[in-house]
Amino acid sequence: MVTRHFFDKELEELHLELIKMGSLVEESIDNTILALKKQDVELAKKIIKNDDVVDDMERKIEKICLNLIARQQPLAKDLRSISTALKIITDMERIADHSADIAEITIRMSNMKYIKPLIDIPKMADMAKQMVNQAIDAYVKQDVKLAQTVCDSDDGVDDLFSKIILELINIMKNNPDTVEQATEFMFIAKYLERMADHATNIGEWVVFNVTGEHEHLTRPINRAAAMDFLMNDKK
């Protein structure tokens, strides 16, 4: 009983650290779009710097997980929960990486007049942020239904992605001078779409944690409208 008490206490610490990391990731998404809208170079630099904080949290949580496995000899269900946490922090770290990627683009475009109003891109960011929030909540609550909601939300992000790409292609066709900036916006849309994919991964791992089965719960996105090199995620 004493051993189980300490295990539950450390598992609760793990959940709290995951929530903290999730909050940092959500904040990074918010700040990324704010910096892009305002062409705020200083905020963009802060986002890039804060990516290191998320990396540190990933290592901290990883250490907690490994200590739980090594010292507490968890049962099968508990081991699945810890393994799921290790998968989740990898996806959250990737989301923060993509925020930093967008911040770097923001710095490059800081002195440019944007070729289009930022409407759908902030919508994509808000949806991705909500997906991250719900995915972490689903893990803590072990809520399969909420995890499925996260996965279902990915369709809306994919639809916006396709809409943005097609719009940017049309802009480039009509005005070749916009190619450089339009390409940058394509990368931004790609990174946001990948953020949503990582949130979906978290949702799928939550379902695995509860049911013991890991399945892909979203439809594949039709990326035919985009340039192939944009879709090759190097992260």
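Residues numbered from 1 in each chain as written. Predicted model: local features only at pLDDT ≥ 70, side-chain atom pairs only at ≥ 80, totals over all residues. Heavy atoms only, no water.

**Digging into the overall build of the protein chain**
Now for step 1: For the protein chain, the helix and strand inventory stands at 6 helices and 0 strands.
Now for step 2: When the helices and strands of the protein chain are read in sequence order from the N terminus, they spell out α-α-α-α-α-α.
Now for step 3: Of all 235 residues assigned to the protein chain, the portion counted as buried reaches 50%.
Now for step 4: Within the protein chain, contacts between residues at least 6 apart in sequence are counted, and of these 85% link residues at least 24 apart. (Helix = DSSP H or I, 4+ residues; strand = E, 2+ residues; numbered from the N terminus. Buried < 20%, exposed > 50% of the residue type's maximum accessible area, 1.4 Å probe, protein only. Contact = heavy atoms within 4.5 Å.)

**Brief notes about the side chain of Glu10**
Now for step 1: With respect to the helices and strands, Glu10 occurs in helix H1 (residues 2-38).
Now for step 2: Since its relative accessible area comes to 19%, Glu10 is described here as buried.
Now for step 3: A distance of 3.1 Å separates the side chain of Glu10 from the side chain of Arg71, its partner in a polar contact.
Now for step 4: Every residue in contact with Glu10, bar those within four places of it in the chain, is listed here: Ile64, Leu68, Arg71 and Gln72. (Polar contact = N/O pair within 3.5 Å; in protein donor to acceptor, adjacent residues only side chain to side chain.)

**Re a nonpolar patch on the surface**
Now for step 1: A cluster of nonpolar side chains, Leu66, Ile69 and Leu79, forms an exposed patch at the surface whose accessible area comes to about 220 Å².
Now for step 2: By relative accessible area, which is 47% here, Leu66 ends up partly exposed. (Patch = residues over 30% accessible without salt bridge, like charges linked within 9 Å, V, L, I, M, F, W, Y side chains within 5 Å. Areas by Shrake-Rupley, 256 points an atom, 1.4 Å probe, with all protein chains shown as cover. Salt bridge = Lys/Arg side-chain N within 4 Å of Asp/Glu carboxyl O.)

**A few points about the nonpolar core**
Now for step 1: One finds Leu14, Leu18, Met92, Ile121, Phe185, Ile188 and Leu192 to be the most contacted residues of the largest nonpolar core, which totals 63 residues.
Now for step 2: Looking at this core, the elements with two or more residues in it are H1, helix H2 (41-72), helix H3 (76-108), helix H4 (120-141), helix H5 (144-174) and helix H6 (179-211).
Now for step 3: Of the residues forming this core, the biggest block, 14 residues, is contributed by H6.
Now for step 4: Not counting residues within four places of it along the chain, the set of residues in contact with Ile121 comprises Ile33, Leu36, Ile164, Phe185, Ile188 and Leu192.
Now for step 5: One finds Ala35, Ala44, Ile47 and Ala103 within the second-largest nonpolar core, a separate group that totals 5 residues. (Core = buried A, V, L, I, M, F, W, Y, C linked by side-chain atoms within 4.5 Å.)

**Focus: unusual backbone geometry**
Now for step 1: The residue Gln39 is not glycine, and still its phi comes out positive at about 50°.
Now for step 2: Along the polypeptide, Gln39 turns up in the loop between H1 and H2.
Now for step 3: In this structure, Gln142 is a non-glycine residue whose phi angle is positive, near 55°.
Now for step 4: Within the secondary structure, Gln142 sits in the loop between H4 and H5.
Now for step 5: A residue is classified by how much of its surface remains accessible, and Gln142, at 26% relative accessible area, is partly exposed.

**Here's the deal with the side chain of Thr106**
Now for step 1: Along the chain, the position of Thr106 falls in helix H3.
Now for step 2: Look past the residues within four positions of Thr106 in its chain and what remains in contact with it is Ala35, Leu36, Gln39 and Ala44.

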